[in-house]
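Descriptive analysis of the structure
Below, each chain spelled out in residue letters.
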Amino acid sequence: RLVAFGAYGAWVAVNGSNGYDASGIADSLEERLSKMNSEGKAIRSVSLSLCHAQGYWILDDDGSQWDNLGANVQHELRDSSKSALQVAEGEDGTWSIVWEDTWVKSKGVSG
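This write-up is about the structure you can find in this document.

Cut-offs applied
Residues numbered from 1 in each chain as written. Predicted model: local features only at pLDDT ≥ 70, side-chain atom pairs only at ≥ 80, totals over all residues. Heavy atoms only, no water. Helix = DSSP H or I, 4+ residues; strand = E, 2+ residues; numbered from the N terminus. Rg over C-alpha atoms; globule rule 2.2 N^0.38 Å. Buried < 20%, exposed > 50% of the residue type's maximum accessible area, 1.4 Å probe, protein only. Pairing = 2+ DSSP bridges.

Turning next to the overall build of the protein chain. Along its length, the protein chain carries 2 helices and 9 strands. Helices (α) and strands (β) of the protein chain occur, in sequence order from the N terminus, as β-β-β-α-β-β-β-α-β-β-β. The globule rule puts the C-alpha radius of gyration for 111 residues at 13 Å, and the 13 Å found for the protein chain is close to it. With the C-alpha coordinates of the protein chain rotated into their principal frame, the extents come out at 40 × 30 × 20 Å. The burial tally for the protein chain puts 40% of its 111 residues in the buried class.

Here we come to the pairing of strand S1 (residues 2–5). Going residue by residue along S1, you find Leu-2 and Ala-4 tucked away on one face and Val-3 and Phe-5 left uncovered on the opposite face. Bridge analysis of S1 against strand S2 (residues 11–15) gives 4 bridges, and the strand direction is antiparallel. Across the sheet, residue Leu-2 finds its bridge partner in S2, namely Val-14. Once S1 ends, the chain turns through 5 residues before running back antiparallel as S2, passing Tyr-8 with a positive phi of about 55°.

Take a look at the structure:
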């Protein structure tokens, strides 16, 4: 259903609504994926950082969680009253966040 690739060869693949396989991801993401699987809850989206080792963002039936992302993208996620639909962080540290009705990006991202 979805796949994400991250820094240093990390990857995660989600099969169906909550099956998954992964390598090189943060322990906290592994725990979250396992929890969704064991509780039968849906994993909606996952992004892995291409810039920061073991950086990730996940959206699932329990909400969202992130860790090890750049300071600016974490600030945007933390301080928003909205729930992000997608987050991306590139190799050079540029990032973008998609909300339901808009998006925000770092300097250096065109659009």
